[in-house]
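Breakdown of the fold
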Amino acid sequence: MTRLIVGENGQICLPEGCGSGSGLKPGDELILEHYERGLALHYVRPDVERIYLEVNTRCNLNCAMCVRQAWSDPQGMMSWNTFQAVLDSLPAFPNLKRVLIGGFGEPLMHPRIVEMVQQLHNRGLGVTLTTNGLLLKRGMAETLLHAGLDMLIVSLDSQHVQAYHQAGVMADQVLENLHGLYEIIRDRGYSLPALGFEYVVTRSNLADLYKLPDLAKQLGATFIIVTNLLPHTRELEGEILYNRDAPLQLGGGWGVHRAGWVKWGSASLPRMKWGAWRQCSFIKDPSLVVGWDGGVSPCYALMHSYTYYIYGRRKQVTRYVLGNVNEHSLLDIYRREEYVTFRAHVNDFRFPSCVECGMDCTYAQENTDCWGNDPSCADCLWAHDIIRCP
């Protein structure tokens, strides 16, 4: 691969000759990739719009369906130095609109979570936080609102309810917390934060899914994100719904009163079938993921090492880290040739379809493929919109 700079005249010069490209400006960088079909030019642009921030991998619940049941990664909380390194990197991304605090732990367990939200809000960014809701008591809710949180997503499904009981607490505590949040928003005339539910649908909890719009209306939630289950054990394989013919349906919208306005709620539903359509949302809306230790990954699917089962086949995923924010800026990591070409391959989706191939080969058992990609997105359920992230 070769890194190129656009000249003052807007031209790119190669040994074969010079030419100009649409939208190129002097000083723009490109990477020239040689591959089996010829040459490809990839833009090197700081076009990140969303950053996913995993501030903690520990959790106050022990959900049977969680990836934390199947990974080998160490657990920890993001240090303030790591968070500060992220903050220092943000001005380099002019298109950055939102930071999403979540990952695979409970962010409200972090002792400085409110300060993190405040620091991000002070930089003019939208801040989304995903939580299981157990620690969202009135005091915490009020401080988060004052800090500038403008979107809150609560994981609310029967798997979480079961985990609440296993932890010796009642699911009623979460509903009480959400009622308290709604009262604060209503009594003080806030239009934000936008409140939504995230629901992992399974065979066992499908009937409960249809109760969510009424619950959302009661609690002031304006959106519901529904995702399929990614099974990490053989037992959970029997709970998946995504290989059925009938699509999910969740009825119409609902109205929520906010600050003198009626805001309409909506449900976002996943696809239920593997098919030819493949598109990575982390590439479509340019995003990157920062783990609790500062490791930078391109997406949620590759941010940890874990096992899961896909159409009866066991798969081992290995964490894919392109750099660490404690050592290099986010921009320097995002501009690396390996990262730029990976994004280009995913954008064009230059991967086979392991599910349609049907062979249980050694490539398909890991996140590699027979076309030489490592890592590979060949059987990524996120790319098929079967598994979803906020």
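Our structure's up above, just so we're on the same page.
Attention in this report is confined to the structure presented alongside it. Keep in mind that what you see is a predicted model, and the values were worked out from it rather than measured.

Quick look at the overall build of the chain
When helices and strands are counted, the chain shows 12 helices and 17 strands. Counting all 390 residues of the chain, 54% fall into the buried class. Sequence separation of at least 24 residues holds for 72% of the intrachain contacts in the chain that already meet a minimum separation of 6. Split by element, the accessible area of the chain, about 17,200 Å² in all, is 49% carbon and sulfur.

Overview of the pairing of strand β7 (residues 98-101)
Burial along β7 is two-sided: the residues R98 and L100 and V99 and I101 are all buried. Bridging between strand β6 (residues 50-53) and β7 involves four bridges; their strand directions are parallel. By the bridge assignment, L53 is partnered in β7 with I101. Pairing of β7 with strand β8 (residues 126-131), which is carried by four bridges, proceeds in the parallel orientation. By the bridge assignment, V99 is partnered in β8 with V127. Handedness of the crossover is the feature at issue here: the chain leaves β7, passes through helix α2 (residues 113-122), returns alongside β8, and the resulting connection is right-handed.

Some words on unusual backbone geometry
With an omega dihedral of 5°, the bond running from D374 to P375 counts as a cis peptide bond. Examined against the element boundaries, P375 turns out to sit in the segment after α12 (354-357). At F349, a position not held by glycine, the phi torsion is positive, near 50°. Here F349 is to be found in the loop between α11 (337-348) and α12. Residue classification places F349 among the buried positions, given a relative accessible area of 9%. The backbone of D385 sits at a positive phi, close to 60°, despite the residue not being glycine. When you line up the elements, D385 lands in the segment after α12.

Examining the side chain of E198
By secondary structure assignment, the location of E198 is in strand β10 (residues 194-201). Look at E198: it is buried, it has no salt bridge, and the nearest opposite charge is R388 at 8.8 Å. The residues touching E198, leaving out its near neighbours within four places in the chain, are T130, I153, V154, S155, L156, D157, I225, R388 and P390.

Structural notes on the packing of α2 against helix α3 (residues 138-147)
Axes are the key here: two packed helices are described by the angle between their axes and the distance separating the axes. One way to put it is that α2 packs onto α3 with a least axis distance of 8 Å and a crossing angle of 20°. In this view, α2 runs roughly parallel relative to α3, as classed from their interaxial angle. α3 is crossed by α2, and the crossing has right-handed handedness. Contacts from I113, V114, V117, Q118 and H121 in α2 reach M140, T143, L144, H146 and A147 in α3. Of the residues contributing to the contact of α2 with α3, the split by class is six nonpolar, four polar and no charged.

Conventions and cut-offs
Residues numbered from 1 in each chain as written. Predicted model: local features only at pLDDT ≥ 70, side-chain atom pairs only at ≥ 80, totals over all residues. Heavy atoms only, no water. Helix = DSSP H or I, 4+ residues; strand = E, 2+ residues; numbered from the N terminus. Buried < 20%, exposed > 50% of the residue type's maximum accessible area, 1.4 Å probe, protein only. Contact = heavy atoms within 4.5 Å. Areas by Shrake-Rupley, 256 points an atom, 1.4 Å probe, with all protein chains shown as cover. Pairing = 2+ DSSP bridges. Right-handed = clockwise from strand over helix to strand, strands pointing away. Lys, Arg positive; Asp, Glu negative; His and termini not counted. Salt bridge = Lys/Arg side-chain N within 4 Å of Asp/Glu carboxyl O. Axes fitted to C-alpha atoms, helices over the stretch in contact; angles between N-to-C directions. Parallel < 35°, antiparallel > 145°, perpendicular 65-115°, else oblique. Left-handed = near helix turned anticlockwise from the far one by under 90°. Nonpolar A, V, L, I, M, F, W, Y, C, P; charged D, E, K, R; others polar.

In short, geometric facts, not functional conclusions.
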